[in-house]
Amino acid sequence: ALVDAWDERWPAAFDEAAAADPKRLLATWGPALTLEEYLRTRVVEMVVHHLDLEDAFGRTCWGTDEAVGIVDEVLVDLLGKEPPHELDWDVVEFIERATGRKELTEHERTLLGVRAAKRFPLIA
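This report concerns the structure included in the present document. (Residues numbered from 1 in each chain as written. Predicted model: local features only at pLDDT ≥ 70, side-chain atom pairs only at ≥ 80, totals over all residues. Heavy atoms only, no water.)

**Some thoughts on the nonpolar core**
Nonpolar side chains in soluble globular proteins tend to end up buried together. Leu-75, Trp-89, Phe-94, Ile-95, Leu-112, Phe-120 and Leu-122 are the most contacted members of the largest nonpolar core, which has 23 residues in total. Every element with two or more residues in this core is listed here: helix 2 (35–56), helix 3 (65–79), helix 4 (91–98) and helix 6 (114–118). Top contributing element to this core by residue count: helix 3, with eight residues. Every residue in contact with Trp-89, bar those within four places of it in the chain, is listed here: Pro-83, Phe-94, Arg-97, Leu-104, Glu-108, Leu-112 and Phe-120. (Core = buried A, V, L, I, M, F, W, Y, C linked by side-chain atoms within 4.5 Å. Buried < 20%, exposed > 50% of the residue type's maximum accessible area, 1.4 Å probe, protein only. Helix = DSSP H or I, 4+ residues; strand = E, 2+ residues; numbered from the N terminus. Contact = heavy atoms within 4.5 Å.)

Here it is as structure tokens:
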């Protein structure tokens with residue numbers, strides 16, 4: 001029933017969001033966000049929770065390139081810079097660490113530097 005309800009409602013929500021002014025301000029529980037920023041937070045939530053579900057089922061296919069790219073951009077913005085290339089993280093590893101799904105190793109903390117490492121997880 002949940003899947004059927006989702007399938008029935010998402011196209012109208014998508015169309016409504018696409019027709020709206022992306023710079024329109026929305027009041028949330030905390031900060032005011034533009035519609036565009038708010039929708040990006042919804043993509044983050046969907047991708048991260050989908051990652052959790054896929055992990056629970058032992059599967060690895062979990063998001064579109066566009067959605068994963070949005071999550072990556074949001075996390076880089078929260079960190080304030082790209083993670084150091086020496087970490088050799090793929091986007092999934094970055095998401096897992098940035099959301100607290102995986103702890104940083106001491107080596108990763110060293111490569112990030114004290115200030116950046118203290119910010120992890122970027123989203124709890």
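**Topic: helix 4**
Side chains of residues three or four places apart in an α-helix project in the same direction, reflecting 3.6 residues per turn. Taken as a whole, helix 4 has its buried residues at Phe-94, Ile-95, Glu-96, Arg-97 and Ala-98. If you follow the buried residues of helix 4, they end up packed against helix 2, helix 3 and helix 5 (106–112). Measuring from the backbone nitrogen of Val-92 back to the side-chain oxygen at the start of helix 4 gives 3.0 Å, which picks out Asp-90 as the cap. (Polar contact = N/O pair within 3.5 Å; in protein donor to acceptor, adjacent residues only side chain to side chain.)

**Describing the side chain of Glu-54**
Mapped onto the secondary structure, Glu-54 falls in helix 2. Judged by relative accessible area, which is 8%, Glu-54 ranks as buried. A distance of 2.7 Å separates polar atoms of two side chains, one belonging to Glu-54 and the other to Arg-59.

**Considering the packing of helix 2 against helix 3**
For the pair helix 2 and helix 3, interaxial distance at closest approach is 9 Å and the crossing angle is 110°. In terms of orientation, helix 2 and helix 3 fall into the roughly perpendicular class. Every pair of crossing elements has a handedness; the one defined by helix 2 and helix 3 is left-handed. Residue-level contacts link Arg-40, Val-43, Val-44 and Val-47 of helix 2 to Ala-67, Val-68, Ile-70, Val-71, Glu-73, Val-74 and Asp-77 of helix 3. In terms of residue class, the contact of helix 2 with helix 3 is built from eight nonpolar, no polar and three charged. (Axes fitted to C-alpha atoms, helices over the stretch in contact; angles between N-to-C directions. Parallel < 35°, antiparallel > 145°, perpendicular 65-115°, else oblique. Left-handed = near helix turned anticlockwise from the far one by under 90°. Nonpolar A, V, L, I, M, F, W, Y, C, P; charged D, E, K, R; others polar.)

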